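If you want the building blocks of each chain, they are given just below.
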Amino acid sequence: MAVLKLRDKKGNVVAVPSITGQSAYQVWLDSGNTGTEEDFFRTLVGRTPIKGIDYWTEEDKAELLSALNTYIDLELASLTSLKPEFANDITECKDTSKLYVLPDGYIYAYMYAQETKGITIEKKSGGFWQYISGEMLWQTSASYTGWRTNMISVTEGDSFTYIGYSDDYVPGAVWLDSSQSIIDTAHSTSEIVFTAPAGAAYARFYSYNANSEKEFSVTYISEKKVKQWSNTGCAFIPADYGDRVSALESKTEELDNDVLKGKKIVYDGDSICESRLSGAESNGGAYAKIIADMTGGSYSNHAVGGGRIASLLDGYSYHSIVDNLENLPTDGDLYCFEGGINDYWTPEIKLGSFDYTNFDGALDTTTFCGALERIFRYALNNFIGKPICFVITHKIQSSAYVKNNNGNTFKEYRDAIVGICEKYSIPYYDAFSESGLNGWNVIHNHFYLTSNSEGKADGCHPNAEGYKRYYVPQLLEMFRRIMPNI
């Protein structure tokens, strides 16, 4: 019989000892007894049973099974760093982008978790408080009765709710530095919040009352979260889920055989490709990094926020993709270009036009069309045998069908990109027409387009979730399709 453990919304691990099969209560009924589950447990232990500890209802069981199914389904669907690796302990978990299975059978991930300070209260009566290497820090009377906690590791700003009694010779809190030398003390005869001062590395809390027992408690209340290896609350191989685990392992085999594994992808574009406006690339938000992490490949991202396809004009310092071609590395296995919205927004840059019959004639790279043709000609002539592709951005804000100062809509830029890609046989991902992501939509703007420089929705820049839903799966499909499997 499987023993499942799930983590509830508060982070507590919940064990479900009899998710399948007959419960003891059912056996009791089958033996001719009558009554409720409460009657059954009251008969056994003389107390009212606790739901979730003494028994589960059928609805509870269904809910728990559904939660576990949902978790595994999400893991199967995401593919992000899915391959679980086995480790003996947390010290062997080296790659923070992966999942690990420890000997307890649970999946561990590197994620934010609430830091907990261990607090144990000890009783002390009479004599001296002895603390650092036997040193007597203060003396009490023979009738002294008091409590103290163990030594607790702290950092500056950690807060603790203190309920107790202390005075000048029995402090409520003692703060110590990294060498365990006292740097400060605090006192209180009522409930108070003590905060670790600068330089504090350790703390110990005390409560004193010479005549009677007095309530004493210390609770760590800091809401500081730290990133650490944590149990996800989901068992890797519950006995009832062999088929589902096999499906999980099958997905990992697909990753091992991925045609993109070990391949280097070179990118150039604007902020949609760069994705550093809110540190997105550093925390896994940019599609270049997500794809490399998922496939075991690498990337070289030359995109810059504000970048344009066309050549720079006098007085402009923005990135030009067409003028940056010779700076791209030549050892890439695939080259991906993106851009156009900043050209559309710049009055000095005209859309221009292209001729399906002109493959080697002069080009005006100060126009959008001329520059895009130049990019494809250069790539085809210099990255021989390497797949080349283009990304057409999603509908940004409400600009899709609004004319700019030159009388063109971004839809016309999209149509020009499609035509030029077809002219040079360049594969493309048309996020404008096919992604389903719309910058003018209030819901999409709130949930998927929230990574501008102020961290607010701007109808333009995807956040990590936006990339994972509307760019990564589609780009992976295109990259895998055009990458030679030789």
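Residues numbered from 1 in each chain as written. Predicted model: local features only at pLDDT ≥ 70, side-chain atom pairs only at ≥ 80, totals over all residues. Heavy atoms only, no water.

### Here we look at the overall build of the protein chain
Here's step 1: Regarding its fold elements, the protein chain presents 13 helices and 22 strands.
Here's step 2: Per-residue burial over the protein chain gives 47% buried out of 486 residues.
Here's step 3: Relative to all contacts within the protein chain whose residues are 6 or more apart in sequence, the contacts with residues 24 or more apart total 66%.
Here's step 4: Of the roughly 24000 Å² that the protein chain leaves accessible, carbon and sulfur atoms contribute 49%. (Helix = DSSP H or I, 4+ residues; strand = E, 2+ residues; numbered from the N terminus. Buried < 20%, exposed > 50% of the residue type's maximum accessible area, 1.4 Å probe, protein only. Contact = heavy atoms within 4.5 Å. Areas by Shrake-Rupley, 256 points an atom, 1.4 Å probe, with all protein chains shown as cover.)

### Regarding the environment of Ile341
Here's step 1: Position of Ile341 among the secondary structure elements: in helix 7 (residues 341-345).
Here's step 2: Spatially, the C-alpha atoms of Ile341 and Gly307 are 9.1 Å apart, while their sequence positions differ by 34 residues.
Here's step 3: Excluding anything up to four places from it in sequence, Ile341 contacts Asp270, Ile396, Ser399 and Phe410.

### Examining the confidence of the model for the protein chain
Here's step 1: On average, residues of the protein chain carry a pLDDT of 76, and 67% of them reach 70 or more.
Here's step 2: Here residues 237-242 scores under 50 on pLDDT; set against residues more than four positions off or in separate chains, the count is 12 contacts. (pLDDT = per-residue confidence, 0-100.)

### Overview of the packing of aromatic side chains
Here's step 1: As enumerated under the stated definition, the model contains 27 aromatic pairs in all.
Here's step 2: With 5.9 Å between their ring centres and 80° between their planes, Phe359 and Tyr424 make a pair best called edge-to-face. Of this pair, Phe359 sits in the loop between helix 7 and helix 8 (368-382) while Tyr424 sits in the loop between helix 9 (410-423) and strand 22 (428-430), and the two are 65 residues apart along the sequence.
Here's step 3: Considering the side-chain rings of Tyr429 and Tyr471, the 6.0 Å spacing of their centres and the 85° angle between planes classify their relative orientation as edge-to-face. Highlighted residues: Tyr429 in strand 22 and Tyr471 in the loop between helix 12 (464-470) and helix 13 (472-482), separated in sequence by 42 residues. (Phe/Tyr/Trp six-rings, centres within 6.5 Å; stacked < 30°, edge-to-face > 60°.)

### A look at the sheet that holds strand 16 (residues 217-220)
Here's step 1: The three strands are arranged 14-11-16 in an open sheet whose pairing can be described as antiparallel. Of all the strands in the sheet, just strand 14 (192-195) and strand 16 have a single pairing partner and so form its edges. Between one strand and the next, the sheet's axes are offset by a mean angle of 30°, whatever the strand orientation.
Here's step 2: Summarising the sheet, strand 11 (residues 159-163) and strand 16 pair through four bridges and their orientation is antiparallel. For Thr161, the partnering residue across the bridge sits in strand 16 and is Thr219. (Pairing = 2+ DSSP bridges. Axes fitted to C-alpha atoms, helices over the stretch in contact; angles between N-to-C directions.)

### Brief notes about the pairing of strand 21 (residues 388-392)
Along any regular strand the residues' side chains alternate between the sheet's two faces.
Here's step 1: Burial analysis of strand 21 places five of its five residues in the buried class, the great majority of the element.
Here's step 2: Residues of strand 21 alternate between two faces, with Ile388, Phe390 and Ile392 on one and Cys389 and Val391 on the opposite face, all of them buried.
Here's step 3: Examined bridge by bridge, strand 20 (residues 334-338) and strand 21 share four bridges and lie parallel to one another. Residue Glu338 lies in a different strand from strand 21, and its bridge partner there is Val391.
Here's step 4: Where the polypeptide runs from strand 21 across helix 9 and back to strand 22, its parallel neighbour, the crossover connection is right-handed. (Right-handed = clockwise from strand over helix to strand, strands pointing away.)

### Notes on the pattern of salt bridges
Here's step 1: This model, assessed by the stated rule, comprises nine salt bridges.
Here's step 2: Asp258 is paired through a salt bridge with Arg480; the nearest N and O atoms lie 2.6 Å apart. With a gap of 222 residues between them, Asp258 in the loop between helix 4 (242-256) and strand 18 (264-268) and Arg480 in helix 13 connect regions that are remote in the sequence.
Here's step 3: With relative accessibility at 32%, the residue Arg480 sits in the partly exposed group.
Here's step 4: Taking the shortest distance from any N to any O, the salt bridge between Asp430 and Arg414 comes out at 2.7 Å. Of the two residues, Asp430 is situated in strand 22 and Arg414 in helix 9; the sequence distance between them amounts to 16 residues.
Here's step 5: Because the salt bridges share partners, they merge into one network encompassing Lys411, Arg414, Asp415 and Asp430. (Salt bridge = Lys/Arg side-chain N within 4 Å of Asp/Glu carboxyl O.)

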